[in-house]
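# Structural overview
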Amino acid sequence: TRGLMNGKRGLIMGVANNRSIAWGIAKALADAGAELALTYQGDALKKRVEPLADQLGAFVAGHCDVTDGDSIDAVFKALEDKWGKIDFLVHAVAFSDKDELTGRYVDTTSDNFNRTMDISVYSLTAVTQRAEKLMDDGGSVLTLTYYGAEKVMPHYNVMGVAKAALEASVKYLAMDLGPKQIRVNAISAGPIKTLAASGIGDFRYILKWNEYNAPLRRSVSIEEVGDSALYLLSDMGRGVTGEIQHVDCGYNIVGMKAVDAPDI
Ligand code: NAD
């Protein structure tokens, strides 16, 4: 992949620490020669993101909370001032109250439903609107989704409903921006132990279940998601848009428990 992203520049949103999926993507892009900008959410994460940005020689484009449009504008202004244009955007952002990532979906509150949708769904459209203005030569936008959008997964609840809406957003954005040669895709990643995942009830059980039952009989790594992201964000993926690409060791094709799967 060396040199695949030479001359390409882009923004990665969603690095919280070195276990973040966004970090796996950042490493793959930097290895391939891309110039990166990272954002962080709040001062607590600033301290974690700055040293990671240093490792990759990435530009720290500042604080961004996607519920605050001014903070999104400030980041895109910083990118415009620094580079004038960008070639890609990675959106690896989601949030829901962990009290509702357990138990029953039917008990979801209106407040948390709206907040989950705002942060985990609308934010893709909000950042893509800004990115479009910096993608005169075309570009590639990528977000992260999960199988809980397609099938009911224990405790995923309102986040499953949000991911279904996110996947539909990918398709509508792909259609709107296609004429400008801006591609919009999602990776549907298998479960990975990250900060966000630790908020999901019985996450370890879900991870084990995947390891025992996915065709590859293991869980996916952030490096593997990063390499698939590289394909979609580089010219290798130039014919692909509106796609929901599963990077899950094949789990999504499975119809029932593997006969050799041990009890958990
Ligand atoms: P993570 O905790 O490392 O990353 C989540 C990021 O979202 C953090 O950087 C956090 O700062 C950011 N964020 C949350 N609220 C925000 C806000 N209001 N404004 C700006 N940023 C905000 O966890 P992750 O698992 O790497 O999550 C990245 C993406 O991958 C999410 O969309 C998640 O749903 C998705 N995903 C995760 C898994 C998994 O098993 N970990 C599987 C499939 C999809």
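Rules and cut-offs
Residues numbered from 1 in each chain as written. Predicted model: local features only at pLDDT ≥ 70, side-chain atom pairs only at ≥ 80, totals over all residues. Heavy atoms only, no water. Helix = DSSP H or I, 4+ residues; strand = E, 2+ residues; numbered from the N terminus. Rg over C-alpha atoms; globule rule 2.2 N^0.38 Å. Buried < 20%, exposed > 50% of the residue type's maximum accessible area, 1.4 Å probe, protein only. Contact = heavy atoms within 4.5 Å. Areas by Shrake-Rupley, 256 points an atom, 1.4 Å probe, with all protein chains shown as cover. Axes fitted to C-alpha atoms, helices over the stretch in contact; angles between N-to-C directions. Parallel < 35°, antiparallel > 145°, perpendicular 65-115°, else oblique. Left-handed = near helix turned anticlockwise from the far one by under 90°. Nonpolar A, V, L, I, M, F, W, Y, C, P; charged D, E, K, R; others polar. Core = buried A, V, L, I, M, F, W, Y, C linked by side-chain atoms within 4.5 Å. Salt bridge = Lys/Arg side-chain N within 4 Å of Asp/Glu carboxyl O. Near = heavy atom within 4 Å. Polar contact = N/O pair within 3.5 Å; in protein donor to acceptor, adjacent residues only side chain to side chain.

## What to know about the overall build of the protein chain
Across its full length, the protein chain carries 7 helices and 7 strands. From first element to last, N terminus to C terminus, the protein chain shows the α and β order β-α-β-α-β-α-β-α-β-α-β-α-α-β. Expected size for 264 residues packed as a compact globule is a radius of gyration near 18 Å; at 18 Å, the protein chain falls within 12% of this value. When the backbone C-alpha atoms are referred to their principal axes, the protein chain occupies close to 55 × 40 × 40 Å. Per-residue burial for the protein chain yields a buried fraction of 52% across its 264 residues. The contacts in the protein chain between residues at least 6 apart in sequence include a share of 75% that link residues at least 24 apart. Surface accessibility of the protein chain: about 12,600 Å² in total, with carbon and sulfur atoms responsible for 50%.

## Structural notes on the packing of helix α3 (residues 69-83) against helix α4 (residues 110-133)
At a closest axis distance of 10 Å, the pairing of α3 and α4 adopts a crossing angle of 30 degrees. The angle between the axes of α3 and α4 places the two elements in the roughly parallel class. In the packing of α3 onto α4, the handedness of the crossing is right-handed. Contacts from Gly69, Ile72, Asp73 and Phe76 of α3 reach α4 at Ala126, Val127, Arg130 and Ala131. Among the residues forming the contact of α3 with α4, the class breakdown is 5 nonpolar, 1 polar and 2 charged.

## Examining the side chain of Asn210
Tracing the backbone shows Asn210 in helix α6 (residues 203-213). Those residues in contact with Asn210 that sit more than four places away from it in its chain are Pro191, Arg218 and Tyr251.

## Notes on the nonpolar core
The biggest cluster of nonpolar side chains holds 53 residues, and the ones touching the most others in it are Ile12, Ile25, Leu29, Ile187, Val225 and Leu233. Sequence-distant contacts of Val225, defined by excluding residues within four places in its chain, comprise Ile21, Ile25, Leu144, Ile187, Ala189, Ile192, Val220 and Val247. Counting 31 residues, the second largest nonpolar core, distinct from the first, contains Val66, Ile86, Ile119 and Ala186.

## Focus: the pattern of salt bridges
Within the structure shown, the criterion is met by 13 salt bridges. The residue Glu50 makes a salt bridge to Lys46 at a minimum N-O spacing of 4.0 Å. Within this pair, Glu50 and its partner Lys46 are both found in helix α2 (residues 42-56), separated by 4 residues, close to a single helical turn. Given a relative accessible area of 33%, Glu50 falls into the partly exposed group. A relative accessible area of 29% means that Lys46 is categorised as partly exposed. In this structure, Lys208 engages Glu211 in a salt bridge whose closest nitrogen and oxygen atoms are separated by 3.3 Å.

## Here we look at the site of the ligand
Around the ligand, the surrounding shell holds 28 residues, and the nearest of these are Ser20, Ile21, Gln41, Ile192 and Thr194. The contact in question runs from an oxygen atom of the ligand to an N or O atom on the side chain of Lys163, over 2.9 Å. Between the ligand and Ile192 there is a distance of 2.8 Å, counted from an oxygen atom to a backbone nitrogen or oxygen. Considering the ligand on its own, with 810 Å² of exposed area, one finds that the protein chains cover 93% of that surface. Taken together, the residues that form the shell around the ligand break down as 20 nonpolar, 6 polar and 2 charged.

## Description of the environment of Ile86
The topology assignment puts Ile86 in the loop between α3 and β4 (88-91). When the C-alpha positions of Ile86 and Ser140 are compared, they lie 9.4 Å apart, and in sequence the two are 54 residues distant. For Ile86, the contacting residues outside a window of four places in its chain are Arg9, Gly10, Phe76, Leu79, Ala131, Leu134, Met135 and Gly138.

Honestly, it's all geometry; don't read function into it.
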